[in-house]
Amino acid sequence: MAKYDPLRDYLRRQKTDELELSFAEMERKIGYMLPKSAGLPQWWANPTDPATPSVQSRAWGDAGFDAVLIVGADRVRFKRVEPTACRP
């Protein structure tokens, strides 16, 4: 199991198209502290090349979400790439 798989699995279970998680909430889910670099917007960047995603962006991407750091709040907003209302 990859380090961020618990986050991916949590996001997959969500019924909403948008949600926010604090760093502490994510750390409880993955069982590890996020790295200091998680405080930087680029750590949460969504990959533009699907062949080379970061380990962490693969987790939320595989769950169908994009991520955006809320700077200064130690929180991240996850937004579903394909809203559930549009799914067949």
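Whatever comes next refers back to the structure up there.
Residues numbered from 1 in each chain as written. Predicted model: local features only at pLDDT ≥ 70, side-chain atom pairs only at ≥ 80, totals over all residues. Heavy atoms only, no water.

Caption draft 1: Spatial organisation of the environment of Leu-19. For Leu-19, the location among the structural elements is in strand β1 (residues 18-22). Owing to a relative accessible area of 12%, Leu-19 belongs among the buried residues under this scheme. Spatially, the C-alpha atom of Leu-19 lies 8.4 Å from that of Val-76, the residues being 57 residues apart in sequence. Ignoring anything within four residues of it in the chain, the contact list for Leu-19 reads Tyr-10, Leu-11, Gln-14, Phe-65, Val-76, Arg-77 and Phe-78. (Helix = DSSP H or I, 4+ residues; strand = E, 2+ residues; numbered from the N terminus. Buried < 20%, exposed > 50% of the residue type's maximum accessible area, 1.4 Å probe, protein only. Contact = heavy atoms within 4.5 Å.)

Caption draft 2: Main features of the pairing of strand β2 (residues 65-70). Burial of β2 is one-sided: the residues Phe-65, Ala-67 and Leu-69 facing one way are buried, the residues Asp-66, Val-68 and Ile-70 facing the other way are not. Bridging between β2 and strand β3 (residues 75-80) involves 6 bridges; their strand directions are antiparallel. Pairing of Leu-69 across the sheet is with Val-76, part of β3. Here β2 folds back onto β3 in antiparallel fashion, the turn holding 4 residues, of which Gly-72 has a positive phi close to 80°. (Pairing = 2+ DSSP bridges.)

Caption draft 3: Geometry of the packing of aromatic side chains. Taken as a whole and assessed by the stated rule, the structure comprises 6 aromatic pairs. Between the aromatic rings of Trp-43 and Trp-44, the centroid separation amounts to 4.6 Å while the plane-to-plane angle is 75°, which identifies the pairing as edge-to-face. On the basis of relative accessible area, Trp-43 is assigned to the buried category, the value being 11%. Exposure remark for Trp-44: the relative accessible area of 1% places this residue in the buried category. With a centroid separation of 5.2 Å and an interplanar angle of 25°, the aromatic rings of Trp-44 and Trp-60 are classed as stacked. Taken together, the residues span a long stretch of sequence, with Trp-44 in the loop between α2 (23-30) and α3 (55-62) and Trp-60 in helix α3 at a distance of 16 residues. Taking the relative accessible area as the measure of exposure, Trp-60 reaches 0% and is therefore buried. (Phe/Tyr/Trp six-rings, centres within 6.5 Å; stacked < 30°, edge-to-face > 60°.)

Keep in mind that these numbers describe shape and distance, not what the molecule does.
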